[in-house]
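# Summary of structural features
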Amino acid sequence: MPNVSKYIFKIQRFSIHDGPGIRANLFFQGCPLSCIWCHNPESQKMLDSKKNSDIQSVCDALMETIQKDLIFFDESGGGVTFSGGEPLCQPDLLFALADSCKALEIHTCLDTSGYAPFSILEKASRKVDMVLYDVKLAIDGTHRKYTGQPLGPVFDNLTRLSDQNTNLLLRWPLIPDITDTQENINGIIEFVKNNTRYRDINILPFHKAADGKYERLSLKNKMGKIQIPSEQSIRKTASIFKFHGFNVTLNG
Amino acid sequence: MNPRVNHLRDKSLEEQVSLSHERAALVTQFYQSHIALEHSVPVQRALCLKYILENKEIFIDDQELIVGERGPRPKSVPAYPEVCLHSLEDLEILDSRPKVSYKVSSKTRQIYKDTIIPFWKGKTIREKILSAMDGDWKTAYASGMFTEFQEQRSPGHTAGGGLIYHKGFLDLKKDIQKEIDTLDYFNDPEALDKKEVLLSLDIAADALISFAGRHALALEEQAVLETEPKRKQELATMAKVCRNVPSNAPQTFHEALQYYWFLHVGIITELNPWDAYNPGRFDQNLYPFYKNDIEKGRLTKDAAKELLCCFWIKFHNHPAPPKVGITAKESNTYVDFCLINLGGVTPDNQDGVNEFSYLVLDVIEEMRLLQPSSMVQVSRKNPDRFVKRALKIIATGFGQPSVFNTDAIFQEMISQGKTVEDARKAGASGCVEAGAFGKEAYLLTGYFNLPKVLEITLNNGFDPVSGKAIGRKTGDPATFETFEQLFKAYKRQLEYFIDIKIKGNNIIEKINASYMPVPLLSLVTQDCIANAKDYNQGGARYNTSYIQGVGIGTITDSLSAIKHLVYDKKTLSMEQIQKALNNNFDGYDILQHQMLNSPKYGNDDDYADTVLKQVFNAYHDLVTGRPTARGGVHRINLLPTTCHVYFGEVTGALPDGRKKGVPFSEGISPVQGADRCGPTAVLKSAAKIDHLKTGGTLLNQKFLPDLLKEEKAQQAFVHLIRSYFKMDGHHVQFNVVSEKTLRKAQKNPENYRDLIVRVAGYSDYFVDLTLPLQEEIINRTAHETF
């Protein structure tokens, strides 16, 4: 048995918030971003790419688990979601899994930050059925401040996916005082409307579920003082997007 | 909820449960009289019922629309001394026990002391049963290998078919006369026995007609005295209803409900059958009356709803008859297991969900009462919105309605040889027991302790808890070289105890057939009239006797831990395991840890689930098809009520890492906390049981309340249920409650009087549960999602 958990740090069966139907979520290890609200901080550490020789056996083992829930996928129109971490950090495994799922007619979603070389993203986008694409912050400075990386590639890649008609759902994390400023919301709306064909957005309100994890892992939780957004502020924000012609869904 | 319903509901909720001596005193008077001696046993029983119904107090509550109480007033519960005689000590225990108590007045105690106890001592069914059992049975029973359902209550599940909705008792009396007229005294050696049974059914019909007549009279009298015009009119209408049913087939929705209710009260007065009586396929049976009344303009939807609410309150007025001793432990609840069935398919195999089904769901949600219990049958033909409507009620954390698979029930019925039409009219009663309503005498005979059989096997026939040799000598397990050898020994012990149980069952069935016929239940159970045989003698169209397996999760995990650690990995020896178990893991923490981390049922792991199938098949093969004394067959189902707690108490430490005395897994649910891969994995594991070979399986899952709030999650639950049912799962139910709430309720029970949780195949008030059962529920895995 290969050490699967080195590559996929968690498999979440009966996941219903990341894509249609009942899904199995595979959480990939490694992420180039370090968003301060990250719910999976343990996933950020990158893999040492030189030692990854057993991709096929890892893929086979994962496919065995995935197939256990086929009946639920079929019944609900669900499937598999590649999440993380950032799945694009492990392209070989991602491609292998996406191909295997395709061969078995299992619906796939790529849940991505968009922060990756376009060549990898493009290849992945052609192998999966749907892309869940994070747009967090529309201003380069704040993007760098809160995620640790520049904004440019995220928006560039989104434009290019739009140009090639990729089936894509935008996802926007509502983080009080960080992403929900008037300036940021306007920036996102303006960019998306002017540069892409996408008008479906999924708002993901900040929650405190990861607090315990930060504590267990003895990591510094910079979100300790931030409160979860009120129902009212979620509704208000949603109405802004709606006003600008977006179809809004909440909580995935 | 309108003011009337609110008033009646509050009253029913506030009324304290008490024990009434009324019935016991009337039964005693009857048997003390010379009349009893002049007749055959069946006729005696019918005349006894008639005597009770003609002399018991009539109670009509102010404002109520459906009438009839079993006791002198609501929640005043009668006793059945001819089945089980309560001693003065029993009465004291019933009165003072902290949970599920029954207030017993000093007058009742006096009457028991002076009349009831002296007359019935030595004559009860319970005593007849216990004295007829041999030493092996008594030892096994006392050690907690199995329980015995008939020692305090009488048989009866899946009663309540569709017969009464198109036949009045006068019609049934004509049918009886026809059978009497055609008895063949020349060629049929049983002709006279048959005549006595038929006469008893005829008398039972008169008894209930007379009971209804007494209500009609009382209502007419009240109507005369009533000054408020609206109530005056209501009383007159109710009197008219009671004049027409049960004599004649019901003509209106009101009459159909009142007819059923008279019959319900009559049957639970005749004796104390296990799932009371049962309205069966409620929406299928009542919809034609509802539709017709609405179309004719004599009923509005609101009026129908009000009648239904009043009907619901009548069930709530009737807590289960008191149980004591082991029977109280296996079924420690006021709930009396009536189960309203909704949905499913029609007799011509169409979608059975109709507008009335949704109306009844509204009533269930609004009434939020423990009784009657309710369920939805989900066929692949039923619409998703029906399931979602039910889920919305489940999401309120009420444990009702439970969810059943119509398509599985149909296949179960067909594989038992039932007709296609009877299979489509089938459903579940009690907890999860599936049968042909009104045509099958479905008897539960007792719970069976599957894990304890392993304890006996590991000790070569010796029971370390009771300190007695109670099983077969199947060899010292330390000498077993393979898992197959161990499993063979387990099977031999299983066979030994099942043989004891079945022998006992066959004797007990004969005792009930001889001494305790049930004329009224027989009258409405097909084909007792045509067969001229009582329900307890095998008169029903189908006759089944069930042994309910308990702890399948616990036994699976225990066997798979041994298989894994001793025979496959070889990291432990059998002696080490035996030592650890004998010491209840004291000083064996590492071994216990290894056992707790062995493959577990409920994770869609074929290692454990293969063992599950082995255990299931062994149990099934040893029981199913064996003949019963009534001419039926024995079968299995998997449900526990509260018996997983009792069986846990009498079983020592087990190789799954469970310590002595801890409750077992419940129904076919995994061991509490052992399922770690989420609900889809649990359902996959559970579906590896061949449900279609059972007469019911029970799966509970616990979810955090947040999960079911969203529309998307509710849709996902519909898919979850549909997937499980595609795999032929029989039943699933959800507890939607957080641990935090349950802990708070333990600390401040007075603030959580109305907190309802799903226990096994029924719901109960959390604060009414015993502490071990409360803990067991808290320890179940709570699923969440992301």
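Before reading further, recall that the structure is shown in the block above.
What you see is a predicted model, and the numbers here were worked out from it, not measured in a lab.

### A few points about the overall build of chain A
Each helix and strand in chain A was counted, giving nine helices and eight strands. The C-alpha radius of gyration computed for chain A amounts to 18 Å, which stays within 12% of the reference 18 Å derived for 252 residues, consistent with globular compactness. Each principal axis of the C-alpha distribution contributes one length, and for chain A these read about 50 × 40 × 35 Å. For chain A, the proportion of its 252 residues judged to be buried stands at 56%. Across chain A, every contact between residues at least 6 apart in sequence was considered, and the portion connecting residues at least 24 apart equals 71%. For chain A, the accessible area works out to roughly 11200 Å², and carbon and sulfur atoms hold 49% of it. Taking the average place of the 29 positive charges on the side chains of chain A and the average place of its 28 negative ones, the gap between the two points comes to 5 Å.

### Brief notes about the side chain of B:Arg722
Mapped onto the elements of the fold, B:Arg722 is located in helix α29 (residues 711–726). Using a relative accessible area of 12% as the deciding quantity, one classes B:Arg722 as buried. Setting aside residues up to four positions removed in sequence, B:Arg722 forms contacts with A:Glu75, B:Val378, B:Ser379, B:Arg380, B:Asn382, B:Pro383, B:Asp384 and B:Val387.

### So, the interface of chain A and chain B
The interface is formed by 17 residues belonging to chain A together with 25 residues belonging to chain B. Between chain A and chain B, a total of about 2000 Å² is buried, with carbon and sulfur atoms accounting for 59% of that surface. Of all residues in chain A, A:Phe14, A:Phe72 and A:Glu75 give up the largest surface area on contact with chain B, accounting jointly for 35% of the area buried on that side. Between chain A and chain B we count two salt bridges in total. When the shortest N-O distance is used, the salt bridge between A:Glu75 and B:Lys726 registers 3.2 Å. Applying the counting rule to chain A against chain B returns nine residue pairs in polar contact (both at pLDDT 80 or more). Contributing elements (two or more residues each) for the side of chain A that touches chain B: β1 (8–15) and α2 (70–76) of chain A. A class-by-class count of the residues in the side of chain A that touches chain B yields five nonpolar, seven polar and five charged.

### As for helix α28 (residues 679–686) of chain B
Where burial is concerned, most of α28(B) is hidden: eight out of the eight residues are buried. Those residues of α28(B) lying buried are B:Pro679, B:Thr680, B:Ala681, B:Val682, B:Leu683, B:Lys684, B:Ser685 and B:Ala686. Contacts from the buried residues of α28(B) go to β1 and α2 of chain A together with α26 (606–623), β13 (700–703), α29 and β17 (782–783) of chain B.

### Some details on the state of the cysteines
Under the criterion given, the structure shown has zero disulfides over all chains. Unpaired in terms of disulfides, B:Cys84 finds its nearest cysteine sulfur in B:Cys48, a separation of 16 Å. Free of any disulfide, B:Cys677 has its nearest cysteine sulfur in A:Cys101, 18 Å distant.

### Things to note about the pairing of strand β4 (residues 107–112) of chain A
A regular strand places its side chains so that they alternate between the two faces of the sheet. Residue and element names in this part refer to chain A. Among the six residues of β4, five are classified as buried, and the element is accordingly described as predominantly covered. Strand direction decides the pairing type here: strand β3 (residues 79–84) and β4, joined by four bridges, are parallel. For Phe82, the partnering residue across the bridge sits in β4 and is Leu110. A crossover connection joins β3 to the parallel β4 through helix α3 (residues 91–103); in handedness this β-α-β unit is right-handed. Taken together, β4, helix α4 (residues 118–127) and strand β5 (residues 130–134) constitute a β-α-β crossover, and its handedness is right-handed.

Rules used in this analysis
- Residues numbered from 1 in each chain as written.
- Chains lettered and ligands numbered in written order.
- Predicted model: local features only at pLDDT ≥ 70, side-chain atom pairs only at ≥ 80, totals over all residues.
- Heavy atoms only, no water.
- Helix = DSSP H or I, 4+ residues; strand = E, 2+ residues; numbered from the N terminus.
- Rg over C-alpha atoms; globule rule 2.2 N^0.38 Å.
- Buried < 20%, exposed > 50% of the residue type's maximum accessible area, 1.4 Å probe, protein only.
- Contact = heavy atoms within 4.5 Å.
- Areas by Shrake-Rupley, 256 points an atom, 1.4 Å probe, with all protein chains shown as cover.
- Lys, Arg positive; Asp, Glu negative; His and termini not counted.
- Charge placed at Lys NZ, Arg CZ, Asp CG, Glu CD.
- Buried area = accessible area lost by both parts, 1.4 Å probe.
- Salt bridge = Lys/Arg side-chain N within 4 Å of Asp/Glu carboxyl O.
- Polar contact = N/O pair within 3.5 Å; in protein donor to acceptor, adjacent residues only side chain to side chain.
- Nonpolar A, V, L, I, M, F, W, Y, C, P; charged D, E, K, R; others polar.
- Disulfide = S-S within 2.5 Å.
- Pairing = 2+ DSSP bridges.
- Right-handed = clockwise from strand over helix to strand, strands pointing away.

Read these as spatial facts, not as claims about activity.
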